[in-house]
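The lines below spell out each chain.
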Amino acid sequence: MLKVLFVDDEPYILQGFKVLVDWEKENFEIVGMASNGVEALEFLKKNEVDLIVADIKMPLMNGLELLKTVKENNISDAYFVILSGFNDFEYAKEAIHYGCLDYLLKPVKKVELVQILRKINEMSAASKKKDMHYHDTETAYLQRHLISLIVGRYDNVNLNYVLDNMNLSEGVRYVILELPDIDGNETDEGSVMKYRRKLNQAASQILGDDENHLIYDVSLNSDIYDTGFIYCDYMALNRGMDDIGFLNDFQKKLEEAVGEKVKIISGKKVPDISAISKSYSSAFILKSQEVFHESRPIITYEREMSLNSNKTRLCKNSLDNLIEAIEINDQARIHKCVDEFYEDIAEGGLGDSVSLNINYLIFRLIHIAVELDSEVNQEEILHRISENSFEEGIKRGSSRHMCKFVCEYADYLAQLRKNVSGGIMKEIEDEIKEHYSENLSLKKLSEKYYINSSYLGTLFNKKFGVSFKDYLTDYRIKEAAKLLINTDEKVVDIAASVGYKNSDYFIRRFIEIMGMTPSKYRRKNKE
């Protein structure tokens, strides 16, 4: 509700205002009463209000002087309504000149007061909507520049925009926020999105003024909706903590707000935001190795490295046997080699010290792919292994899940050898044009066309220069733009017709791609 302050030196006037209208029904709450301008200023220094109703004539400081003082010193941006008698009308006109919204003649009539209150309600709602659209636009632009830094593909324009629009300091980390009990189980997409949205809202509220440090959908994988967080050392210092203490506190507050377990995976600390891509990469390597870690609510790069420095051993023989089985796509042998690798890990007591082994495996797998197709994007393959296959394949911690991952990669290598890109890409492109408004995903398309999803993603990027997710989003938004110009349908209906159930999400995506809100785009092009 909107908050009201009354200022009048006549007590019966103040009491009369209380009972003149049903304030709650009109979406207002009386939060203060003052007998002159001086008292009102003292109240405004400690309290925020949305509407000030003040008499023209009062001792010490009259209504006009109060209005001037408030506006000239930016004490409050509340709407101002002046009370005046017939003899004070010239003063009322002067008050309007200084930014007063309206005036009421004494004795105040209920119908006139209600009209002003409803007018203020409309203006307040319009102002909030405008502020929200502005905030969404600014957030979308910031996220675009920030993602460029995170994936390590940026220039000075990206860097300077982030430096100018974020509160930053030395000591920066990329932090992954996860809902392991939701993301790791067979849960329907609607429920996952519900809890993911709840996590994002909770993180935003906890961070307060630093909410723009949250980053969404950095992943190159279209089937993953990830939430990241840019940590800076000042956040811990302002709370009298170190960084680990801050992350512990943050994790506990998130769990309380969401009502589910929340896991935090923190990449290595880097000097400043320009090096955030290194922290991002280390965070996702940690994520890919979750199977070998003891289950913990917080995993940090520094702790894992300190554990690994005590005992590192490469299980080269068992890994080389596994890689050979993957190369020839021998499923039976793959299962046997995975079991041998796990036995080797267990016998060596390496539990928490597997970075060397996993990095060796990933390096060899990428190298094999590059030998088969020299144009394969190595960084993209690494992301796909870390974010997709590893998450789905070995997250639950058994050799069976490891087998699932390496068998999928063996299929992926087989697809590389077949070099089926031409015909498949044309069919995928036609599929998007025909069914863009439906729930399309690389996973579903890969199942339909009998092709490994990781390889399909690589082929798509190679063919169109963007990820499947970005291509689909761009196509949907361009179709929405046509509907905005050629029809009078509501924005929410157009969003649904191009595949977006959430109109707010649609508006954010539209702003990112078209540089303005859907409503503004429609007005501009129709004009």
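Residues numbered from 1 in each chain as written. Predicted model: local features only at pLDDT ≥ 70, side-chain atom pairs only at ≥ 80, totals over all residues. Heavy atoms only, no water.

Undergrad: Help me understand the overall build of the chain in this model?
TA: When its secondary structure is counted, the chain shows 24 helices and 10 strands. Taken over 527 residues, the chain has a buried fraction of 48%. Put simply, the chain shows about 25,900 Å² of open surface, and 48% of that area lies on carbon and sulfur atoms. (Helix = DSSP H or I, 4+ residues; strand = E, 2+ residues; numbered from the N terminus. Buried < 20%, exposed > 50% of the residue type's maximum accessible area, 1.4 Å probe, protein only. Areas by Shrake-Rupley, 256 points an atom, 1.4 Å probe, with all protein chains shown as cover.)

Undergrad: Looking at this structure, how should I read the nonpolar core?
TA: Nonpolar side chains tend toward joint burial in soluble globular proteins. Among the nonpolar cores identified, the biggest contains 46 residues, and Ile150, Tyr174, Leu177, Phe229, Phe246, Phe250 and Ile273 are the most heavily contacted of them. Ignoring any residue separated from it by four or fewer positions in sequence, one finds Phe229 in contact with Arg173, Tyr174, Val175, Leu177, Leu207, His213, Leu214, Ile215, Met235, Phe246 and Phe250. Ranked by size, the runner-up nonpolar core spans 32 residues in total, among them Met425, Ile494, Tyr500 and Met516. (Core = buried A, V, L, I, M, F, W, Y, C linked by side-chain atoms within 4.5 Å. Contact = heavy atoms within 4.5 Å.)

Undergrad: Looking at this model, I keep getting lost on the pattern of salt bridges. Mind explaining?
TA: Opposite charge on two side chains makes pairing possible when the charged atoms of those side chains draw close. Counted by the stated rule, this structure contains 17 salt bridges. Taking the shortest distance from any N to any O, the salt bridge between Arg173 and Glu302 comes out at 2.9 Å. Here Arg173 is found in strand E6 (residues 172–178), whereas its partner Glu302 is found in helix H12 (residues 301–310), with 129 residues between them in sequence. The class of Arg173 is buried, set by a relative accessible area of 3%. Glu302 sits in the partly exposed class, given a relative accessible area of 33%. The residue Arg333 makes a salt bridge to Glu324 at a minimum N-O spacing of 3.2 Å. Counted as one network, the salt bridges with shared partners bring together Arg173, Asp233, Asp243, Lys269 and Glu302. (Salt bridge = Lys/Arg side-chain N within 4 Å of Asp/Glu carboxyl O.)

Undergrad: Looking at this model, I keep getting lost on the pairing of strand E1 (residues 2–7). Mind explaining?
TA: Side-chain positions along a regular strand alternate between the two faces of the sheet. Buried residues dominate E1, accounting for 5 of its 6 residues. Two elements, E1 and strand E2 (residues 28–34), share 6 bridges in a ladder whose sense is parallel. Bridge pairing links Leu2 to Phe28 in E2. Considered for its hand, the β-α-β crossover made up of E1, helix H1 (residues 11–20) and E2 is right-handed. (Pairing = 2+ DSSP bridges. Right-handed = clockwise from strand over helix to strand, strands pointing away.)

Undergrad: I tried to follow the side chain of Asp210 on my own but got confused; where do I start?
TA: Along the polypeptide, Asp210 turns up in the loop between helix H8 (189–207) and strand E7 (214–216). Within the buried set, Asp210 has no salt-bridge partner at all; the shortest N-O distance to an opposite charge, 5.1 Å, is to Arg239. Beyond its immediate sequence surroundings of up to four residues, Asp210 is in contact with Asn167, Tyr234 and Met235. (Lys, Arg positive; Asp, Glu negative; His and termini not counted.)

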